[in-house]
Amino acid sequence: MGASHELIEPVDRVITGRGGKEKTFVLSYLDCVDGRKIAALYPVANMPKLGDYQSSEEAMQLLLSHVGVYRSDGTILRLSTLDLIRNHVPDPIMLMKLEYSMLDHNFDFFGPGGPLSSVEGLLKQGAAWITQMLTQSLASSSPRASHRTPS
């Protein structure tokens, strides 16, 4: 899953987790194929009730396979497996901030407010679309609508 090549233009980023604990991660740009996959998967896989958790976890793992941590000898260890992610990201707050940082670092089309505002906008649009569909469906199937006569 991803991570078969070197990090692209790596940058250090300090992420704060639970209790103010800080850790330095090495963020990188995504290659074009993994970037496309993540851009397609992330919004849908993380929408309540529409996505499934397995897809969300796979997208997170692919995204974080482009993140590294420094080893004691100064080399970078990529977070390419779930076990490495669990071992180097101490809590869920830090994990979510790390994911957000990677999305923000890689995608400028999420607009002002970053990835979360994009997902929120998508949810609002989706809710409006679903409400409209259900309203039309209920109106056409109601007894009144089926017994109306043309005026």
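Provided above is the structure to which this section pertains.
Residues numbered from 1 in each chain as written. Predicted model: local features only at pLDDT ≥ 70, side-chain atom pairs only at ≥ 80, totals over all residues. Heavy atoms only, no water.

Concerning the pattern of salt bridges
Tallied over the entire structure, the rule returns 1 salt bridge. The closest approach of N and O atoms between Arg86 and Asp83, which form a salt bridge, is 3.8 Å. Of this pair, Arg86 and Asp83 both sit in helix H3 (residues 82-88), separated by 3 residues, roughly a single helical turn. For the pair Arg86 and Asp83, a shared accessibility class is recorded, and that class is exposed. (Salt bridge = Lys/Arg side-chain N within 4 Å of Asp/Glu carboxyl O. Helix = DSSP H or I, 4+ residues; strand = E, 2+ residues; numbered from the N terminus. Buried < 20%, exposed > 50% of the residue type's maximum accessible area, 1.4 Å probe, protein only.)

Thoughts on the side chain of Asp91
Structurally, Asp91 is set in the loop between H3 and helix H4 (92-106). Among the polar contacts made by the side chain of Asp91, one reaches the main-chain amide nitrogen of Arg18 at a distance of 3.0 Å. Apart from the residues lying within four places of it in its own chain, the contact partners of Asp91 are Gly17 and Arg18. (Polar contact = N/O pair within 3.5 Å; in protein donor to acceptor, adjacent residues only side chain to side chain. Contact = heavy atoms within 4.5 Å.)

Overview of the packing of helix H2 (residues 53-64) against H4
How two helices pack is summed up by the angle between their axes together with the distance between the axes. Running from N to C, H2 and H4 cross one another at 65 degrees; their axes reach a closest spacing of 10 Å. Our classification of the angle between H2 and H4 gives roughly perpendicular. Handedness of the H2/H4 crossing: left-handed. Taken together, the residues of H4 that come into contact with H2 (itself represented by Met60, Leu63 and Leu64) are Leu95, Leu98, Glu99, Met102 and Leu103. Taken together, the residues that form the contact of H2 with H4 break down as 7 nonpolar, no polar and 1 charged. (Axes fitted to C-alpha atoms, helices over the stretch in contact; angles between N-to-C directions. Parallel < 35°, antiparallel > 145°, perpendicular 65-115°, else oblique. Left-handed = near helix turned anticlockwise from the far one by under 90°. Nonpolar A, V, L, I, M, F, W, Y, C, P; charged D, E, K, R; others polar.)

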